[in-house]
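# Results of the structural survey
This is what each chain is made of:
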Amino acid sequence: MLLPLAIRRNAYGRSLEFLGGDLTDYNMPILGAGFSPGPRDAERLWAAILDVLPPVDFVRLRRMPLVFDGIANPFAGLAGSRHAIDAYGANLPPTFKDFTTRSPSFFNRNSQRRRRLAKEGAVRFAVAQDPAERAALTRFVIEQKSQWQRDTGQIDTFAAPERLAFYTTLAGLPFEGGGVVPIGLWVGSELVAGIWGTVFRGRFAVIVAAYHPDWAKFSVARLLMESAVEMCIARDDVEIFDLTVGDEGYKTDWSDHSLPLYEVIAPHSLRGRMFMAYWHLRGRAKTVPWLRDAVRTGMRLAQRVSKRD
């Protein structure tokens, strides 16, 4: 078994997490053939792992499927695990026409949107092939996604320049059994939407998808997704169109199944227990008015004391 873990230093202490943090959609160990520990064995194994690692304040194992690619995840059922979020995907039929039968009205509207978009210029869908085009499409997707996160008040997960470098470098590297597939939608010479995806062991995974906001009224993201599905059905090496983690509403238009993902978040020191108690209190304060007011009052008093000191 190979278990990719990392210790991250945060404001609240040292956190034991899966390597990759929020860049990874599915987390589990890589297991050797025939190695499938049961629940009790997994608990004992996890305790032994914690014993040999440096001290940490928190354990944060997130986005763990119970089963992936037919392999059971021994750590998704650890004590304290809970269902946290879902991923979505679609099993691909033999033809794209078969795929459209799930919602004829939805795909008819897409055809109307595509005709409307064509009035703005020649519409082209393509997989980026040469290194320069792959790098340019990768930059477009990451930069547009980063801007969208900032505009919507979310955490910019691509703020660090190392992340753009990571995706750009990976887009230029082959790997056994699949590869990175950057795909784009152009209107005339302008790139208006892109998907940074991967193909591996029969699965096309939409890792990052983004569009230019000036073209939002033409539903370019939806049209690109449709073209991506059609491309995957035409390929011989793709059976599942994987929309990956997240409960965004648009995914129901494309998926026919969901994958529950589990997490284990537990304190592992006195510092960790103190912060966990604070998080629970803050969470309850959002729904209980008197507790919310008490927490705010306590914070104001603490700030006054801090200023006097």
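Structural data are supplied above this passage.
Residues numbered from 1 in each chain as written. Predicted model: local features only at pLDDT ≥ 70, side-chain atom pairs only at ≥ 80, totals over all residues. Heavy atoms only, no water.

## Brief notes about the nonpolar core
The cut-off we apply is this: In this text, buried Ala, Val, Leu, Ile, Met, Phe, Trp, Tyr and Cys residues form a nonpolar core when linked through side-chain atoms within 4.5 Å. For each residue, the accessible area found with a 1.4 Å probe, counting protein chains only, is set against the maximum for its type, and the residue is called buried under 20%, exposed over 50%, and partly exposed in between. Helix numbers and strand numbers start at the N terminus; a helix is a DSSP run of H or I with at least 4 residues, a strand a run of E with at least 2. Note on contacts: a residue pair is in contact if any heavy atoms of the two residues lie within 4.5 Å.
Grouped together as the largest cluster of nonpolar side chains are 33 residues, with contacts concentrated most on F99, F204 and F241. At nine residues, the largest contribution of residues to this core is made by helix 6 (residues 220-234). Leave out the neighbours within four places in its chain, and F204 touches V181, I183, I195, G197, T198, V199, M231, C232, V238, I240, F241 and D242.

## Observations concerning the sheet that holds strand 2 (residues 13-18)
For clarity, the cut-off: In this scheme, strands are said to pair when DSSP sees at least two bridges between them. Geometry is summarised by axes, namely lines fitted to C-alpha atoms with helices restricted to the contacting stretch, and by angles between N-to-C directions that run from 0 to 180 degrees.
Overall, mixed pairing links the ten strands, which are arranged 1-2-3-12-6-11-10-9-8-7 in an open sheet. Every other strand in the sheet has two partners, leaving strand 1 (5-10) and strand 7 (123-127) as the edge strands with one partner each. Ignoring strand direction, the axes of neighbouring strands in this sheet form an average angle of 25°. In terms of strand pairing, strand 8 (residues 178-187) meets strand 9 (residues 190-200) through ten bridges, oriented antiparallel. In the sheet register, G178 faces strand 9, and the bridge partner there is F200. In the packing of helix 6 onto the sheet, contacts are made with strand 7, strand 8, strand 9, strand 10 (202-211) and strand 11 (238-245), and the angle to strand 8 comes to roughly 135°.

## Concerning the packing of aromatic side chains
Condition: Only Phe, Tyr and Trp rings are paired, with Trp represented by its six-membered ring, and only when their centres lie within 6.5 Å; those with planes under 30 degrees apart are stacked, over 60 edge-to-face, the remainder tilted. Throughout this description, the term charge over a ring refers to an Arg CZ or Lys NZ atom that lies within 6 Å of the ring centre and within 35 degrees of the ring normal.
One pass over the structure, following the stated rule, counts 16 aromatic pairs. Ring centres of W215 and F218 lie 5.6 Å apart, and the angle between their planes is 45°; on these two criteria the pair is classed as tilted. F218 gets classed as buried once you look at its relative accessible area, which sits at 6%. A network of ring pairs unites the aromatic residues F96, F99, F106, F107 and W254 as a single cluster. Over the ring of F99 we find R102; its NZ or CZ atom is 3.8 Å from the centre of that ring.

## Details of the pattern of salt bridges
Keep this limit in mind: Criterion for a salt bridge: a side-chain nitrogen of Lys or Arg within 4 Å of a carboxyl oxygen of Asp or Glu.
Evaluation of the coordinates by the stated rule reveals twelve salt bridges. Here E226 ties to R114 by a salt bridge, and the two come within 2.8 Å at their closest N and O atoms. One end of the pair, E226, is in helix 6; the other, R114, is in helix 3 (residues 104-118), with 112 residues separating them in the sequence. Residue classification places E226 among the buried residues on the basis of a relative accessible area of 8%. Given the relative accessible area of 23%, R114 is considered partly exposed. Between D156 and R150 there is a salt bridge; the shortest N-O distance is 3.0 Å. Taking relative accessible area as the criterion, D156 reaches 18% and is therefore assigned buried.

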